[in-house]
Amino acid sequence: MVIKKTNFRIPCIFRKITGLKCPGCGITDFFLYLFNLDAVSAFKCNIAMIIIFPVLVYILIIQNIKYITKNDSKFEFKYVKSGYILVFLLIIYTFIRNIFNF
């Protein structure tokens, strides 16, 4: 594991209090594996990132292009609605990951 090189972990307060994994558990490992170009191990750390990461990258790219070309920094409603959908999916993912323990 990549963490062994640094011995640094961000503690999850939700997990310490409840003993359950939050939607963000595994994201640090996800990015460390991704930076080492190990996509399979990265997605095993947090499966929800298969959907969320590409969507967030897409939204950020579109927003930056809009800002650069039109000098418009307002978020469009469709992206805000997408954010709500992603939060809803994360809540469902949290229930499923704790019920089936993955």
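The structure displayed is predicted, hence computed values, not measured ones.

Chemist: Teacher, can you tell me more about the nonpolar core here?
Modeler: A general trend in soluble globular proteins is that nonpolar side chains are found buried together. If you look at the biggest cluster of nonpolar residues, it comprises five residues: F30, Y33, A42, C45 and M49. Contributions of two or more residues to this core are made by α3 (27–35) and α4 (39–45). Not counting the four nearest positions on each side in its chain, M49 is found in contact with I27, F30, F31, F43 and P54.

Chemist: Help me understand the side chain of R97 in this model?
Modeler: As for its placement among the helices and strands, R97 is situated in helix α6 (residues 77–99). D29 provides the closest opposite charge to the buried, unpaired R97, separated from it by 8.8 Å. From its side chain, R97 meets the backbone oxygen of C25 in a polar contact 3.1 Å long.

Chemist: Looking at this structure, I do not really get the state of the cysteines. What am I missing?
Modeler: Such a bond, covalent and formed between the sulfur atoms of two cysteines, is termed a disulfide. For the coordinates displayed, the defined rule picks out zero disulfides. With no disulfide partner, C22 has as its closest neighbouring cysteine sulfur the one in C12, 3.5 Å distant. Between C45, a cysteine without a disulfide, and C25, which holds the nearest cysteine sulfur, the sulfur-to-sulfur distance is 11 Å.

Chemist: Would you mind showing me how to read the environment of C25 here?
Modeler: In this structure, C25 sits in the loop between α2 (13–18) and α3. Along the chain, C25 and C12 lie 13 residues apart, while their C-alpha atoms are 7.0 Å from each other. Once you skip the residues sitting within four places of it in the chain, C25 turns out to touch C12, R15, C45, N46 and R97.

Chemist: Please clarify how the packing of aromatic side chains should be interpreted in this entry.
Modeler: Aromatic rings in a pair are described by how distant their centres are and how their planes are angled relative to each other. This model, assessed by the stated rule, comprises five aromatic pairs. Arranged with centres 5.0 Å apart and planes meeting at 85°, the rings of F30 and F31 form a pair that is edge-to-face. According to the relative accessible area criterion, F30 is buried, its value standing at 0%. Here the aromatic cluster, defined as three or more aromatic residues joined through ring pairs, consists of F30, F31, F35, F43 and F53.

Chemist: Honestly, α6 in this entry has me stumped. Any pointers?
Modeler: Two residues of an α-helix separated by three or four positions point the same way, owing to the 3.6 residues in each turn. Here α6 is 23 residues long and its end C-alpha atoms lie 33 Å apart, about the 33 Å a rise of 1.5 Å per residue gives. Taken residue by residue, α6 has Y79, L86, Y93, T94 and R97 as its buried positions. Just beyond α6, the residue with positive phi is N101, at close to 55°.

Cut-offs and rules
- Residues numbered from 1 in each chain as written.
- Predicted model: local features only at pLDDT ≥ 70, side-chain atom pairs only at ≥ 80, totals over all residues.
- Heavy atoms only, no water.
- Core = buried A, V, L, I, M, F, W, Y, C linked by side-chain atoms within 4.5 Å.
- Buried < 20%, exposed > 50% of the residue type's maximum accessible area, 1.4 Å probe, protein only.
- Helix = DSSP H or I, 4+ residues; strand = E, 2+ residues; numbered from the N terminus.
- Contact = heavy atoms within 4.5 Å.
- Lys, Arg positive; Asp, Glu negative; His and termini not counted.
- Salt bridge = Lys/Arg side-chain N within 4 Å of Asp/Glu carboxyl O.
- Polar contact = N/O pair within 3.5 Å; in protein donor to acceptor, adjacent residues only side chain to side chain.
- Disulfide = S-S within 2.5 Å.
- Phe/Tyr/Trp six-rings, centres within 6.5 Å; stacked < 30°, edge-to-face > 60°.
- Expected span 1.5 Å × (residues − 1).

Limitation: the analysis is restricted to geometry and does not speak to function.
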